Amino acid sequence: MMAAAQDGPLYLGFDFSTQQLKVVAVDGNLSVVHQDNVQFDSELPEFRTQGGVHIHADKLTVTSPVLMWVKALDLLLDKMKKAGFDFSRVIGLSGSGQQHGSVYWRRGASETLKQLDPNRDLHHLLRDSFSVADAPVWMDSSTGHQCQDLQAAVGGPRRLAEITGSRAYERFTGNQIAKVRHTQPESYQHTERISLVSSFAASLFLGDYAAIDFSDGSGMNLLDIRSRTWSEVCLDAVAPQLDRLLGAPLPSTSVLGGVSSYWVRRFGFSERCRVVAFTGDNPASLAGMRLQDGDIAVSLGTSDTVFLWIQEPRPALEGHVFCNPVDWRAYMALLCFKNGSLTRERIRNRSAGGSWERFSATLRETPLGNGGNIGFFFDTMEITPPAVGVHLFDSGDKQVSSLSPQVEVRALVEGQFLSRRLHAERLGYSIIPGTRVLATGGASSNKEILQVLSDVFNAPVYTIDLSNSACLGSAYRALHGLAAESGLSFFDAVKKASNPQLAATPHPTAQEVYAPMLKRYALLEERVLQEPRL
Ligand code: XUL
């Protein structure tokens, strides 16, 4: 044991995501020394989840059993122990949780948490500690009424977005709490504390209720993102005296305390091991990517997601502005675009003979700006902006019914990236000298697609593997949380981590071509939004 402890300190990052619980351990050089996971469906079949959740008969209500998450933690730590992981070297841990989900602790649970018997599994000890057994999760969309009520109470969707960073969304926790209060009044009565998935998980390690952090707290429609306190008007609209059930929110970099004696005695954690506030999986991913001021990350997957670091929040009716998880003065924004890879594949099949090589060759052979042709390809109802259908325009802004295959390929890729840039700028993002575009996800392996991305943003594009970013970001945050007490910035704390790879730099004429095209794109998008939906 002594010899192992001399091998230097370790930091753990956990990720309580929808389908699995993951862990990663990094050393002081930020090298990954251990990782493991528990898959809910296959390793905890007794809970009968599919993809980690239960979809209820109304198809709108989606929940996960809280005890499944607790049991997954028992299982994960047992696996680590069996693999010979030396818990005594861990001096800091943190974690992330799927955003928006809520956990309802039954009256008396805080006492239980404080006196956990190290000879027993957590899921036995906490069997009776939850007043609501099935936690609403982010996939739930059953709270339409509650959203309307909240918006009406604060003065409309725009006002709600100004206060909390987002208009009302069904999955956001405030609306979920309002629904639990109305549909399960008795359970609500017996609730002593409400946690997010992230602060619930931190509570297990702390042996006490953990604070909700500013960043994950921003996904509740309850936090005033400027004052970083609960918004009274929002709380009052959801439930009386809700602040007592939520506890005071804290900066995401806070050290909450030490691990409870349960962990010391059951697994051999050091009494020195600190728990740094857990946060949401998207904020934790931002930390894992080491996104900086001015950067934008574009994840090119089934749906495309855009992450932004912003200094001044400018919330809109689309997208979300959250408090920043690594710098409490800053903000981050998140935008989701539904028509990503599946649309790229459809156009590849239609206009490039099903071949990515031909698709790429077409992008190489067609000019920047596509001769003025612009396309909107919303195969399914888009989130950002809320529009559907394919809309094509020629260089004179005249709507046309088709484009040649070559022009169509470029119109798709340019159109997607013009849209990512337009909506990012509406949330307060601007390209500054030194701006980097970080690309990740399936399509980020296509050099020609990345070249268009670089040209449209007039900024260099770097690629980065994000498959583990929330978990890794949590381990980084654990390390930084400890160092932050001495004033070290997140970026100084994690500078030893490996850097993203440069993949494309903008063409010298990019700015000249795309600055006016972005303005035209915005006007044409207005026209598309005004078209009647069929
Ligand atoms: C973000 C959101 C999802 C979950 C996934 O608003 O709902 O990304 O965080 O775990």
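For clarity, every value in this text was computed on a predicted model and none was experimentally measured.

**Focus: the packing of helix α18 (residues 405-426) against helix α22 (residues 510-530)**
Link 1 in the chain: For the pair α18 and α22, the least separation of the axes is 10 Å and the interaxial angle reads 85 degrees. In terms of orientation, α18 lies roughly perpendicular with respect to α22. Residues Arg410, Glu414, Gly415, Leu418, Ser419, Arg421, Leu422, His423, Glu425 and Arg426 of α18 pack against Tyr514, Met517, Leu518, Tyr521, Ala522 and Glu525 of α22.
Link 2 in the chain: For the contact of α18 with α22, the residue count by class is seven nonpolar, three polar and six charged.

**Comments concerning the environment of Val255**
Link 1 in the chain: You can see Val255 is positioned in strand β12 (residues 255-258).
Link 2 in the chain: Not counting residues within four places of it along the chain, the set of residues in contact with Val255 comprises Arg274, Val275, Val276, Gly481, Leu482 and Glu485.

**Overview of the site of the ligand**
Link 1 in the chain: Residues in close proximity to the ligand include Gln98, Gln99, His100, Trp138, Arg171, Asp281 and Asn282, which together make up its full environment.
Link 2 in the chain: In this structure, Arg171 approaches the ligand through a side-chain N or O atom, which is 2.7 Å from an oxygen atom.
Link 3 in the chain: Asp281 is positioned with one of its side-chain polar atoms (N or O) 2.4 Å from an oxygen atom of the ligand.
Link 4 in the chain: Here the shell around the ligand is composed, by residue class, of one nonpolar, four polar and two charged.

**Things to note about the side chain of Asp140**
Link 1 in the chain: Mapped onto the elements of the fold, Asp140 is located in the loop between β8 (134-136) and α6 (144-154).
Link 2 in the chain: Although Asp140 is buried, it forms no salt bridge, and the closest oppositely charged side chain is Lys179 at an N-O distance of 4.4 Å.
Link 3 in the chain: Residue contacts for Asp140: discarding those within four places in its chain leaves Leu60, Thr61, Val62, Glu170, Arg171, Gln176 and Lys179.

**Focus on the domain arrangement of the protein chain**
Link 1 in the chain: The domain architecture assigned to the protein chain consists of domain 1 (10-283) and domain 2 (290-465 + 500-534).
Link 2 in the chain: On a C-alpha basis, the centres of domain 1 and domain 2 stand 33 Å from each other.
Link 3 in the chain: Taken together, the contact pairs 24 residues of domain 1 with 20 residues of domain 2.
Link 4 in the chain: Between domain 1 and domain 2, roughly 1,800 Å² of surface is buried when both sides are summed, and carbon and sulfur atoms account for 58% of that area.
Link 5 in the chain: Looking only at domain 1, the three residues that lose the most surface to domain 2 are Ile225, Arg228 and Asn282, adding up to 27% of its buried area.

**A few points about the environment of Arg266**
Link 1 in the chain: Looking at the element boundaries, Arg266 is found in helix α14 (residues 261-267).
Link 2 in the chain: It is 14 Å that separates the C-alpha atoms of Arg266 and Val90, two residues lying 176 residues apart in sequence.
Link 3 in the chain: In this view, Arg266 contacts Lys81, Pro118, Asn119, Arg120 and Asp121; residues no more than four positions away in its chain are not counted.
Link 4 in the chain: Looking at Arg266, its side chain comes within polar contact range of the side chain of Asp121, at 2.7 Å.

Basis of the calculations
Residues numbered from 1 in each chain as written. Predicted model: local features only at pLDDT ≥ 70, side-chain atom pairs only at ≥ 80, totals over all residues. Heavy atoms only, no water. Axes fitted to C-alpha atoms, helices over the stretch in contact; angles between N-to-C directions. Helix = DSSP H or I, 4+ residues; strand = E, 2+ residues; numbered from the N terminus. Parallel < 35°, antiparallel > 145°, perpendicular 65-115°, else oblique. Contact = heavy atoms within 4.5 Å. Nonpolar A, V, L, I, M, F, W, Y, C, P; charged D, E, K, R; others polar. Near = heavy atom within 4 Å. Polar contact = N/O pair within 3.5 Å; in protein donor to acceptor, adjacent residues only side chain to side chain. Buried < 20%, exposed > 50% of the residue type's maximum accessible area, 1.4 Å probe, protein only. Lys, Arg positive; Asp, Glu negative; His and termini not counted. Salt bridge = Lys/Arg side-chain N within 4 Å of Asp/Glu carboxyl O. Domains from an automatic or database assignment. Buried area = accessible area lost by both parts, 1.4 Å probe.

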